[in-house]
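Analysis of the macromolecular model
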Amino acid sequence: VIILLVLIACGIVFFFSHKKNLNSSGDANNSAAVIKSSLLQPLATDLYVADQNNNLIEIFSSGGAPMGKFGSKGSGNGQFNGPSGVAIASNSNVYVTDFGNNRVEIFNSGGGYIGQFGGSGAGNGKFNGPWNIAFAPNGNLYVTDSGNYRIQIFDQSGKFISTFGYGVLDGKKILETCSASQTCQTGIKGSSDGQLNDQVRSMAISPKTGNVYLTNTGNNRVDIFTASGGYVGKFNNYIYKGVTYNTFSRMAGIGVSFLSDNVYLVGESYCTIFIYNSSGNYQNKQLGNGCGTGSGQFVAPLYITNSARTGNFYVVDYNNRVEIFNSSGNNIGQFTSPIVGNNDFASAGIAVK
């Protein structure tokens, strides 16, 4: 009887151990699609970086300790073709813009595949190059649909709510909104106020007002919208080495402080982060210690995020590392990817709790 119970127990252990090694398609031998089994269960972790070159999402603690990774190149469930943006929901699920596959994929905090939404096209909820992603205070999800020159809004299940951009309702050359009950269309690119031009490389949403900040790269400015897509204004001024400028050059990521509601704009060409108030007025302050490879310095900063939990800022640098600053702007650490190979953080979205 004892031997029989032992055999049954071993069989149960083997069954569950074997089951955890299956990917979402149920094929345990397809190494190209397997999500690392140890990450299928939710994790108590904080930080996610989109490793676009290796088609992975890398997971770290808030202090930069590597916790794992998930994903691989492809178009199957849980795979990526250039993951560009990442956002964390209030329930800790992770949302990733899969740029090359024109979709958003949803995972639990440990990388377990949950689902996806989107697909190629210009209709309601369809994408043409979804680049960045962010959550609003009300829990809605905003996606920059770059090739369609519009911003789309979804609930957390992926249900399309609305979109805004030039001509998205009826093709008129004005800023419009279009809801789920209407037939929406691709936006019109251009340089008018609130009009998008080229890829929107980054987006941030105010945790206090819900206002949306977009780095309108093709127009060398930051545009501000209300949560529903109404135009608020723009800014493109800064001071660098004592000289005042009124047009941006190679601005990349953007973030908003949970504590102050200030806006932090990444100056890729300037090795610094420019700081503005919520209205877009430059505060004559910068984050970082200039160009270089020392603590708090940048080779070419790309993206930034702010922790609601700690107030710390995390800046992705082209130098294959992430720099950490506290809410006072002091550099308190840095970390790199443990993966050997491509420059993992060369073009990476980042999200932190």
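Whatever comes next refers back to the structure up there.
This section reports on the structure supplied with the text.

This brings us to the overall build of the chain. Tallying secondary structure elements over the chain gives one helix and 27 strands in all. Per-residue burial for the chain yields a buried fraction of 52% across its 353 residues. Taking the contacts inside the chain whose residues are at least 6 apart along the sequence as the reference set, 45% of them involve residues at least 24 apart. Here the chain displays about 14300 Å² of accessible surface, and carbon together with sulfur accounts for 51% of that area.

Here we come to the state of the cysteines. As used in these notes, a disulfide is a covalent bond between sulfur atoms, one from each of two cysteines. Applying the stated criterion across every chain, the model contains two disulfides. Cys271 shares a disulfide with Cys291; S-S distance 2.1 Å. With the S-S dihedral at roughly 95°, the linkage between Cys271 and Cys291 falls on the right-handed side. Note that Cys271 is positioned in the loop between β20 (263-267) and β21 (272-276) and Cys291 in the loop between β22 (282-287) and β23 (301-306), a separation of 20 residues in sequence. Cys291 gets classed as partly exposed once you look at its relative accessible area, which sits at 48%.

Right, let's talk about the layout of surface pockets for a bit. By volume, the largest pocket amounts to about 770 Å³. Taken together, 35 residues make up the lining of the largest pocket; nearest its centre are Ile88, Phe135, Phe258, Thr305 and Val352. For the lining of the largest pocket, the secondary-structure elements that each account for two or more residues are β4 (83-88), β8 (130-135), β13 (200-205), β19 (251-256), β23 and β27 (350-352). For the lining of the largest pocket, the class distribution of residues is 22 nonpolar, twelve polar and one charged.

One pass over the full model with this rule turns up one cavity of 30 Å³ or more. Put simply, the largest cavity is a space of about 50 Å³. What lines the largest cavity is simply Thr215, Asn216, Thr217, Asn220, Arg221, Val222, Phe248, Ser249, Arg250 and Met251. Of the residues contributing to the lining of the largest cavity, the split by class is three nonpolar, five polar and two charged.

A few words now on the pattern of salt bridges. A complete count under the given rule lists nine salt bridges for this structure. For the salt bridge of Glu105 with Arg103, the shortest nitrogen-to-oxygen distance reads 3.4 Å. Here Glu105 matches Arg103 in class, with each residue buried. Between Asp145 and Arg150 there is a salt bridge; the shortest N-O distance is 2.8 Å.

Reading the values: rules and limits
- Here the residue index of a chain counts from 1 through its sequence in written order.
- Selection of residues for local features in this predicted model requires a pLDDT of at least 70, selection of side-chain atom pairs for listing and counting requires 80 or more, and totals for whole chains, interfaces and linings are taken over all residues.
- Working from all heavy atoms in the structure, the side-chain values ignore hydrogens and water.
- The helix and strand labels rest on DSSP assignments: H or I over at least four residues marks a helix, E over at least two residues marks a strand, and numbering proceeds from the N terminus.
- Accessible area is worked out with a 1.4 Å probe on protein chains only. A residue is then buried under 20% of its type maximum, exposed over 50%, and partly exposed in between.
- A contact between two residues is defined here by any heavy atoms of the two lying within 4.5 Å.
- Here the accessible surface of atoms and residues is derived via Shrake-Rupley with a 1.4 Å probe, and residues count as covered only by protein chains that are part of the display.
- In this description, the term disulfide denotes a pair of cysteine sulfurs within 2.5 Å.
- Lining residues are those with an atom within 4 Å of a point, where the points come from a 1 Å grid over the protein atoms alone and group into cavities, where a 1.4 Å probe fits but cannot get out, or pockets, open sets with protein on both sides within 12 Å along at least five of seven lines.
- Grid points are joined across faces, edges and corners, and a volume is the space filled by probe spheres set on the points.
- Each residue gets one of three labels, nonpolar for Ala, Val, Leu, Ile, Met, Phe, Trp, Tyr, Cys and Pro, charged for Asp, Glu, Lys and Arg, and polar for the others, Gly among them.
- For this analysis, a salt bridge means a side-chain nitrogen from Lys or Arg found within 4 Å of a carboxyl oxygen belonging to Asp or Glu.

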